[in-house]
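Summary of structural features
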Amino acid sequence: MPSPIAQRRFELVSQLHGRMAELQRLDASRLRFSLGVSLTDVRLPFHITPEAAALFPLGARQLAVMLLSRHRELVSEGEFDRFLLVEEYATLPALPATLSPATGGPDTRAVAELATLTHPLLTGGVMAAWLGPGGGGRSLVALVIELMRRAFGEMRESRGREETPALVALMLSSQLPGLEGTLRALELPPSVQRQLVTATATGVYLALRLGVERALREAQAPEELAARIESALGPMAVLGGSKLLLTGGSLLYGCELLAGVPDAEKLVAQYPGGLPVDAVRATLEQALAADDAVARRAELAVALGALREGLVHAVRLGEGGGFKSTLTQYLRELALRPATLTALLADDKARKALVKDLKAYAETLKGPPAEALVHLANGFKEYTAKAPASVAGLSRAGAHARYAEVATAFVCDLWLERALFSPRRMLYPRTGDEVEGGLEAEYQAGRLYKLSTKQQPLLRSSVSAPVAHLFVDVKDFTRRTQLLGGATMADFLRREFYVPILTSAKAHYGGMVQLADKGGVSVNNLLGDALSLSGTVDRLVELARDIRGHLVAYEKRLAQAISREQVEAALKAIEEEYERKLQTARPGLRPILLREKESALARGRGEGLEAGVFVSYGPAPLIITLEDDVFGRSKVAIADRINESARGTARSGAARARADARLAQERQRRGNPSLEHPWLVFVGAPLSVQVPYPAEAEAREALKAGDLAGAMRALEQAVRDSLEDAAKHGEDGPGDIYNSGVALSEETLLAYQEAVGDKRLFYSLQVAPESLHPELHQRYYFPPEPLRLTVGFHPTGELAEMFRFAGRVMFKGLERKGGLEVWELVDEHGVGRLFARHHAAEWLRAQWMAG
C-alpha cells in the first residue's frame, strides 16, 4: 500500500537521522560566498532570473488548465467556457483521454504512471503530454537538470568543500510557496478548485522529482547529499504545507488520509534530533486503535486505496487492448471519480451486479487481463461497510497498520520541512536594489549566486579589479566649529573644502557606477569634516596633489588678503575689548565672555585650512543603497581599504613628538627659531608602558598612603616588561601616524608605478641628509637617518613626483595586517620644490650613468 514516494520518505529520514545539525544550518566555512557576521548569522545571497522563475508559475498554470480541460464534465459549460479565453488554453498540447501515458520515453512514462496513483485527477495521459514537447513540465525538468549539472560541476571545482547542488535545491524551493496563490489566481471553479490545485501541485512535484532523479543518476551523487537535495524539494514544499495533502484528495503516500494524522505536529516536536520511523508508526497505530470513529475512516481509506490500485491496473490493461473499450471506459470512470466509487460501494445491488459481470467477462479472457478482472471482482465482493479493508485481505488491525504506515510518510515529510526551516531562512533573495550597480555588478563581483536559463556559472569567481581609495580629513573640525559656530564653519567648508575638491574630482570622473568602467573617480561618502572617494590609482594620486595644491593656494590667499601687522593689531584690539568686559562682568558671565573671546580671536586670525590625505589600494567598494519612505534614498560605501584610508589621516601627537623634540633642540642649537620640518607626514612609536590593573591598584594604594617608593616598586615589573618589549622591536616597530599632508600605502605606491609606468621613469634612492644642498638645510631640519626615496621623472627629464618612506604604521582596528608601510608624497610646493631645483637633475644623471 505505501507508495514509492512514501518508501522514499522513510529512506530519507533514516539517512538523515542523527545529522540534524548539518541539515538545519548552512556552514559558512563550506560556502564559497556568504554574508553574515558570524557562523550563526549566515545569509546566502541569490537570485533566480525572471525567465527561470517564470517556468514555475507558467508550468503550473498550464497543467491546471490541462487537467480542467481533461475533466471538463466536472464543471458546468459556462464555468468551462470562461477558460477558453485563458492564454494557456490556446497553446495546450494534445490531451489523450487515457489513464496511461500515450507518449514519452522511459522516464516520462514511469513518472506519468506514478502520477495516476498520486491523485484521481492526475491522469498519465495528461502528465505525459505536460512533460512532452510544448509542455511546461518538460521545461521545469530541463531547468532542474541543467542547474544541477552546473551545481555538481562547481562542487567538483571546490573539491567538495561546497555542496552546491543542495544549495541550488534550497534556492529553487523558494519559488514553491507562491504556486498555490498562482493557481488560485486562475479562479478555478469552486466545486473542483481544491482538488485541481492539489493535483496540479502534485504534478509539479513529480516533475521536479524527475529532474532531480536524472541529475543524481548522471552525477552518481552520494546518498547523503542526494537525501538533502530531495528533501529541499519535497511534496510539502510544493503543495504549500500539509493542508492540501490532508483535504485535497491526495493519494501521494498510498491512500487518501481521510482519518487525518493524529498528533503529527506533536510527533515532529518530540523527535527534534531525528525521526524514528518505527516508533512513529507504532504511535500512530495506537492512536487509531484508541478512537473507533477515526479508525473507521482509516479503514475506509485503505479500502478505497486498494480498490483504486486494482482499477488503475485493470484500466492500463484495457487501454492496451486487453478487453473491450466500454468496460475500460467504465473502470476508468471509477478510478478517476472517488465519489462514483464510493456511491457504488454503498449500493449493494449495483456492487454485486458489477462483481457478477466482471467475473463472467473474465472467463472469456486469458492471462493478465483475466487475472486483473478477477482480482478486482473479488475485492468488490469482499467489501462490507463494517470491514471495508477486507477488500485488501486485511483485518481491522491490519488496516490500522497499513494506514499508520501511510500516515508515517506524511509525518516524515512534515519533519523534513521543519528541519529545513532554518536553512531556508538563511537564504537571502536579492532584488538588485540593495547595492549600487544592481544584480549584475554583484554577480560579476562573485557576491551573488545566480540561477539562470543561460549557460553561465552559478557563482562567478571575483573579477573586480582593485582600485584606490582616497580619504581627506580636516584638522580641528570640532574645535573650529565650537569657536566659529556651525553656520560659519559649514559655509567655510563648502567654499574651501567640498566644492574645490569635488570640482577637481569631476575632472577625473568616468561616469561609472561602482567603477564599472574600470576608470575614473567616484564619491563614496561626504562626512561633516571629511570626504571619501574611490577610483583608479593614477587619478586619485593626481587628485591628492590637486587637493594639496588647493590648500597651499588658500594659505597664500589668506596671507595676501591682509598683512601680518593688520592681523596683530586686530587681535590686540580684541584682547583689550574683552579684558575691559571681563573686569566689569559678574562671575557668572565670565565663562561666556571667555568663549566669545576665543571665537573672536579665531575669526581674527583667519586660521589656515589643514587637512590630511591618505590613499590606499584594494578591492572596489560595495555600495549599499537604502530606501525609506521618510528619509528617501541613501548610499553607503563599504570596503576595508576605505577604513584604512580613513585611519591614515589621523593626527596622533605622539607620532610626531620625537620629531618635534628634535626640531626644538636643533632650533636652539642653531639659534634659528624659523627652522621647519621638511615633511608633513610623521610616523612614530613613542615608548609607552602597559600597566596591568593589579599593579595599578597597588601603586594607587601606595600613593594614597604617601608611599612613593612603594608605588614605584609596584610598577617596576610593568616598566621592565615594556622596556624589554621596546628593545625587542627596536626602531623598526610599527607606530602611529600624524598626517597633515599626502600619504599612501606602499601597495598604493607600487600600483601607481605600474599604472603610469609608460609615462614615468621611477628610481629608488637612499640619500644621506648631509649630502643635501645647503639651502635645504637652511630652511629645514633633516634628522640624521638616511632618506628612502622613490623618485618619478617625466620621459623629458623633469621631476614628476617624489615619495619618501615615512615608516610602518599600525592602524587601530587593522592590527591583523601587522603594520602598513607608509610613504609620503613630498609636498611639491614646499621642500619638494628645492629638491627639484638642486637634486633632480643630479639624481637622474646618476641613474642614467648607472643604468
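Anything mentioned here points back to the structure above.
Structural notes, computed from the coordinates. Only a predicted model underlies this, so the values are computations on that prediction, with no experimental measurement involved.

1. With respect to the overall build of the protein chain
Broken down by element type, the protein chain carries 38 helices and 16 strands. For the protein chain, buried positions account for 51% of its 851 residues. Intrachain contacts of the protein chain at a sequence separation of at least 6 include 74% that bridge at least 24 residues. When the accessible area of the protein chain is evaluated, it comes to approximately 39900 Å², of which 53% is carbon and sulfur surface.

2. Concerning the packing of helix 7 (residues 106–115) against helix 8 (residues 124–131)
Interhelical geometry of helix 7 versus helix 8 gives an angle of 140° and a closest axis separation of 8 Å. Taken as axis vectors, helix 7 and helix 8 run oblique relative to one another. Of the two possible hands of crossing, helix 7 and helix 8 adopt the one that is right-handed. Contacts from Thr108, Val111, Ala112 and Ala115 of helix 7 reach helix 8 at Gly124, Met127, Ala128 and Leu131. Here the contact of helix 7 with helix 8 is composed, by residue class, of six nonpolar, two polar and no charged.

3. Side note on the environment of isoleucine 547
Looking at the secondary structure, you find isoleucine 547 in helix 28 (residues 537–561). The exposure class of isoleucine 547 is buried, given its relative accessible area of 3%. Put simply, isoleucine 547 and alanine 611 are 64 residues apart on the chain and 9.1 Å apart in space, counted from C-alpha to C-alpha.

4. So, the packing of aromatic side chains
Enumeration according to the criterion identifies 13 aromatic pairs in this entry. One aromatic cluster in this structure is built from Trp679, Tyr780, Phe782, Phe835 and Trp843. Its guanidinium or amino end placed over the ring of tyrosine 361, lysine 324 lies 4.9 Å from that ring's centre, counting from NZ or CZ. In this structure, arginine 788 is placed above the aromatic ring of phenylalanine 805, and the distance from its NZ or CZ to the ring centre is 4.2 Å.

5. What about empty space enclosed by the protein?
Space left empty within the atom packing is revealed by a probe, the size of a water molecule, rolled over the atoms. Under the defined criterion, the tally for this structure stands at three cavities of 30 Å³ or more. The space that makes up the largest cavity amounts to roughly 60 Å³. Taken together, Arg9, Tyr205, Leu208, Arg209, Val212, Glu230 and Leu233 make up the lining of the largest cavity. The biggest single contributor to the lining of the largest cavity is helix 12 (residues 193–219), with four residues. Among the residues making up the lining of the largest cavity, the classes are represented as four nonpolar, no polar and three charged.

6. Let's talk about the nonpolar core
Side chains of a nonpolar character, in soluble globular proteins, are inclined to be buried together. Counting 131 residues, the largest nonpolar core has Tyr403 and Val411 as the members making the most contacts within it. Take this core: its biggest share by element is 13 residues, from helix 12. Listed in part, the 34 residues of the second largest apolar core include Val521, Leu533, Val615 and Phe803.

7. Here's the deal with the pattern of salt bridges
All told, the structure shown has 46 salt bridges when counted by the stated rule. One salt bridge in this structure joins lysine 581 and glutamate 577, with 3.2 Å as the shortest N-O distance. On the criterion of helical spacing, the pair formed by lysine 581 and glutamate 577 is a turn pair, its members being four residues apart in helix 29 (residues 564–584). On the basis of relative accessibility, which here comes to 33%, the residue lysine 581 falls in the partly exposed class. Under the relative-accessibility criterion, glutamate 577 is labelled partly exposed at 32%.

Rules used in this analysis
- Residues numbered from 1 in each chain as written.
- Predicted model: local features only at pLDDT ≥ 70, side-chain atom pairs only at ≥ 80, totals over all residues.
- Heavy atoms only, no water.
- Helix = DSSP H or I, 4+ residues; strand = E, 2+ residues; numbered from the N terminus.
- Buried < 20%, exposed > 50% of the residue type's maximum accessible area, 1.4 Å probe, protein only.
- Contact = heavy atoms within 4.5 Å.
- Areas by Shrake-Rupley, 256 points an atom, 1.4 Å probe, with all protein chains shown as cover.
- Axes fitted to C-alpha atoms, helices over the stretch in contact; angles between N-to-C directions.
- Parallel < 35°, antiparallel > 145°, perpendicular 65-115°, else oblique.
- Left-handed = near helix turned anticlockwise from the far one by under 90°.
- Nonpolar A, V, L, I, M, F, W, Y, C, P; charged D, E, K, R; others polar.
- Phe/Tyr/Trp six-rings, centres within 6.5 Å; stacked < 30°, edge-to-face > 60°.
- Lys NZ or Arg CZ within 6 Å of the ring centre and 35° of its normal.
- 1 Å grid on protein atoms, 1.4 Å probe; cavity = no way out; pocket = protein on both sides within 12 Å on 5 of 7 lines; lining within 4 Å.
- Points joined across faces, edges and corners; volume = space filled by probe spheres on them.
- Core = buried A, V, L, I, M, F, W, Y, C linked by side-chain atoms within 4.5 Å.
- Salt bridge = Lys/Arg side-chain N within 4 Å of Asp/Glu carboxyl O.

Functional significance is not addressed by these values, which are geometric in nature.
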